[in-house]
Amino acid sequence: MQYSRRIAFISEHASPLALLGGQDAGGQNVYVDALSQSLARLGYAIDIFTRRTDPGAPEVVAYDSGIRIIHLSAGPAEPLLKDELWPYMREFRNNLLAFMLRTRVRYALIHGHFWMSGWVATEIGSLLSVPVVQTFHALGATKRRYQGDADTSPSERIAIEREIVRKADRVVAHCPSERDELLHDYHGDSRHITLIPGGVNIEMFSPMSQVEARALIGLGGDGPVAVYVGRILPRKDIRNVVRALALVNEGRSGQPPARLLIVGGDTPEPDPTMTPELGEIQRLAASLGIAEQVRCVGMRQPSRLREYYCAGDVMVTTPWYEPFGLTPLEAMACGRPVIGSAVGGIPSTVVPERTGLLVPPRDPSALAGALMQLFAHPERCQRMGTIARAHVERRFTWPLSAERHARLYSALLSAQPRSRTTSHTPALAHWDIERDDESVGV
Ligand code: UDP
């Protein structure tokens, strides 16, 4: 493999091998997985470094052609919440350097995913003079703004993100609102920010007839169906959707009530002890008298999600904020319109009146109005779904996203000073890996 095509991805908490839908396994896992696969098809070799959560997992997993997953020890080899990982990042960095030294693998470029991996990437990048690309996936300042005291991120997060924005050769923003946050909250230099949206697997997510989809998931009965797919977190505000459904059903006397399917959670069977937000949703639905109309399904792996999206008339997601939002793209790829809140990445993917509708967040009446509009006009839903599929095919596929990343990598690599392409080994030898065992200081 040509050296200039060997890339290190660092994704400390989000491995492509994780089961999706739980508290800390969602969009980033899908993104790292799908982007690496599409880059591998363009001839890149990608090593994805992630934290070891299972003592029995091999160090190196040959994941797919051109892609390896490398498990690095950092803290206890067990699942931990991502907000608990920062104290182990120094160990992660050291073990990554030790791996490179031992295996003599050299990377032309390091791409960090999420802030802690970005810290590791910039540390190693400056030590080895290797260019660094950073994708945050979510920003601490935004999270703090919306979650306030409920934000459990380490207190250093925002300062470290600022440092990464300053040091990385390029920061990838997923959508215009993330770019604005990088410019305003982080004082980023616009010349160092590149806008590259994520994508969707348009083979896996493709239209299917509603009748077939409903048969596959065992959904009978009448009445229109809205579908939510995603992690079950307070900030996704599924409670807003439940409140809106209650309003919709108040206006449907004499007609079969509208229903809501909720896909996601930490377990395949919905379990409020494992996913407390599910309990909140179920209690709210019961208190509004619509428990029968709200069906929590549990987590499903990506290959099954098409059945759920296609069983619905409309996909709905109204988070308080959303760094990008892959699920609206998945629904649109399945030929279903999306009602989404006009926050974060959602307005950059959902085209109002054409591929769905946008509503303000935390506004059940506005959402109820949008749901009623679409439920009343099934043929409009179908038309929007057809346009949505074409929109996604044209703009939001992973091969397209990978081509844009490849262009960015090439630009950075061709701008490299010659010294950056020399062997890394001498620099590594000066890195005192063994003795550098202080805590990260949190
Ligand atoms: N997901 C899944 N199974 C589930 C719930 C979610 O595979 O039960 C996937 C979903 O298909 C999507 C990702 O998790 O690809 C969630 O990504 P999104 O960008 O919508 O939200 P995030 O997790 O980044 O907040």
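Structural data are supplied above this passage.
On a predicted model such as this, the values are computed, not experimentally measured, just so you know.

Novice: Help me out: how do you make sense of the packing of helix α8 (residues 238–250) against helix α9 (residues 276–287) in this one?
Specialist: Between two packed helices, both the angle of their axes relative to each other and the distance between the axes serve to describe the pair. α9 packs onto α8 with a crossing angle of 15° between their chain directions and a minimal axis gap of 10 Å. Taken together, α8 and α9 sit at an angle that is classed as roughly parallel. Crossing handedness for the pair α8 and α9: right-handed. In this structure, α8 uses Ile-238, Arg-239, Val-242 and Arg-243 to contact α9, whose residues at the interface are Glu-277, Glu-280, Ile-281, Leu-284 and Ala-285. Classifying every residue of the contact of α8 with α9 gives five nonpolar, no polar and four charged.

Novice: I keep staring at the site of the ligand and nothing clicks. Help me out?
Specialist: Close to the ligand lie 19 residues; Arg-231, Lys-236, Arg-300, Leu-326 and Glu-330 are nearest. Contact distances for the ligand include 2.9 Å between an oxygen atom and a backbone N or O atom of Gly-27. Within the complex, the protein chains bury 94% of what would otherwise be the 540 Å² of accessible surface of the ligand. Mapped onto the shell around the ligand, the elements with two or more residues apiece are α1 (27–41), α10 (302–311) and α11 (326–333). If one sorts the elements of the shell around the ligand by residue count, α11 sits on top with three residues. Residue composition of the shell around the ligand, by class: six nonpolar, seven polar and six charged.

Novice: What is the right way to read the packing of aromatic side chains from this model?
Specialist: Describing an aromatic ring pair means giving the distance of the ring centres and the angle of the ring planes. Summed over all chains, the structure comprises eight aromatic pairs. Summarising the aromatic geometry, the rings of Trp-86 and Trp-115 are spaced 5.1 Å apart at their centres and angled 40° between planes, so their arrangement reads as tilted. In this pair, Trp-86 is assigned in the loop between β4 (67–72) and α2 (89–103) and Trp-115 in helix α3 (residues 115–128), connecting sequence segments 29 residues apart. Ring centres 6.0 Å apart and planes at 70° place the aromatic pair Phe-205 and Tyr-309 in the edge-to-face group. Of this pair, Phe-205 sits in the loop between β8 (193–195) and α7 (210–217) while Tyr-309 sits in helix α10, placing them 104 residues apart in sequence. The same class applies to Phe-205 as to Tyr-309, namely buried. Ring pairs connect the aromatic residues Phe-49, Phe-99 and Tyr-107, which therefore count as one cluster. Seen from the ring of Tyr-44, Arg-5 lies directly overhead, with NZ or CZ sitting 4.6 Å from the centre.

Novice: Just to check I follow, could you spell out the environment of Leu-182 for this structure?
Specialist: Among the secondary structure elements, Leu-182 is positioned in helix α6 (residues 176–184). On the accessibility criterion, Leu-182 (0% relative accessible area) is buried. Apart from the residues lying within four places of it in its own chain, the contact partners of Leu-182 are Phe-136, Leu-139, Val-165, Val-171, Ala-173, His-187, Gly-188 and Ile-193.

Novice: Which parts of the structure should I look at to understand unusual backbone geometry?
Specialist: Here Phe-114, not a glycine, exhibits a phi torsion of approximately 80°, which is positive. Among the secondary structure elements, Phe-114 is positioned in the loop between β5 (109–113) and α3. Assessed through its relative accessible area of 2%, Phe-114 is described here as buried. Although it is not a glycine, Asp-237 adopts a positive phi angle of roughly 50°. With respect to the helices and strands, Asp-237 occurs in the loop between β9 (225–229) and α8. On the accessibility criterion, Asp-237 (8% relative accessible area) is buried.

Novice: Even after reading the chapter, I still don't get the sheet that holds strand β11 (residues 294–298), so can you show me in this structure?
Specialist: Sheet strands associate in pairs through backbone hydrogen bonding, adopting either a parallel or an antiparallel arrangement. Ordered by their spatial adjacency, six strands build an open sheet running β11-β10-β9-β12-β13-β14, and the pairing between neighbours is parallel. On the outer flanks of this sheet lie β11 and β14 (356–359), each paired with one strand and no other. Neighbour to neighbour, the strand axes of the sheet diverge by 20° on average, direction disregarded. Sheet topology note: the strand β10 (residues 259–263)/β11 ladder contains four bridges and is parallel. Pairing of Val-263 across the sheet is with Gly-298, part of β11. Against the sheet, α8 makes contact with β9, β10, β11 and β12 (314–317), and its axis sits at roughly 165° relative to β10, the strand it touches most.

Novice: Any chance you could explain the state of the cysteines here in plain terms?
Specialist: Think of a disulfide as a covalent bridge from one cysteine sulfur atom to another cysteine sulfur atom. Tallied over the entire structure, the rule returns zero disulfides. Here Cys-310 stays free of any disulfide, with the sulfur of Cys-334 as its closest cysteine sulfur at 4.2 Å. Residue Cys-310 is classed as buried on the basis of its relative accessible area, which comes to 0%.

Novice: I'm lost on the sheet that holds β8 in this one. Help?
Specialist: Ordered in space as β3-β4-β2-β1-β5-β6-β7-β8, the eight strands form an open sheet in which the pairing is mixed. The sheet is open, and its two edges are formed by β3 (60–64) and β8, each paired on a single side. Direction aside, the axes of adjacent strands within the sheet are offset by 25° on average. As paired elements, strand β6 (residues 132–135) and strand β7 (residues 170–173) share three bridges and run parallel to each other. Residue pairing for β7: Thr-135 is matched across the bridge by Val-172. Across the sheet, α2 lies against β1 (6–10), β2 (45–51), β3 and β4, angled at about 130° from β4, the strand it touches most.

Rules and cut-offs
Residues numbered from 1 in each chain as written. Predicted model: local features only at pLDDT ≥ 70, side-chain atom pairs only at ≥ 80, totals over all residues. Heavy atoms only, no water. Axes fitted to C-alpha atoms, helices over the stretch in contact; angles between N-to-C directions. Helix = DSSP H or I, 4+ residues; strand = E, 2+ residues; numbered from the N terminus. Parallel < 35°, antiparallel > 145°, perpendicular 65-115°, else oblique. Left-handed = near helix turned anticlockwise from the far one by under 90°. Contact = heavy atoms within 4.5 Å. Nonpolar A, V, L, I, M, F, W, Y, C, P; charged D, E, K, R; others polar. Near = heavy atom within 4 Å. Polar contact = N/O pair within 3.5 Å; in protein donor to acceptor, adjacent residues only side chain to side chain. Areas by Shrake-Rupley, 256 points an atom, 1.4 Å probe, with all protein chains shown as cover. Phe/Tyr/Trp six-rings, centres within 6.5 Å; stacked < 30°, edge-to-face > 60°. Buried < 20%, exposed > 50% of the residue type's maximum accessible area, 1.4 Å probe, protein only. Lys NZ or Arg CZ within 6 Å of the ring centre and 35° of its normal. Pairing = 2+ DSSP bridges. Disulfide = S-S within 2.5 Å.

No statement about biological role is implied by the geometric values presented.
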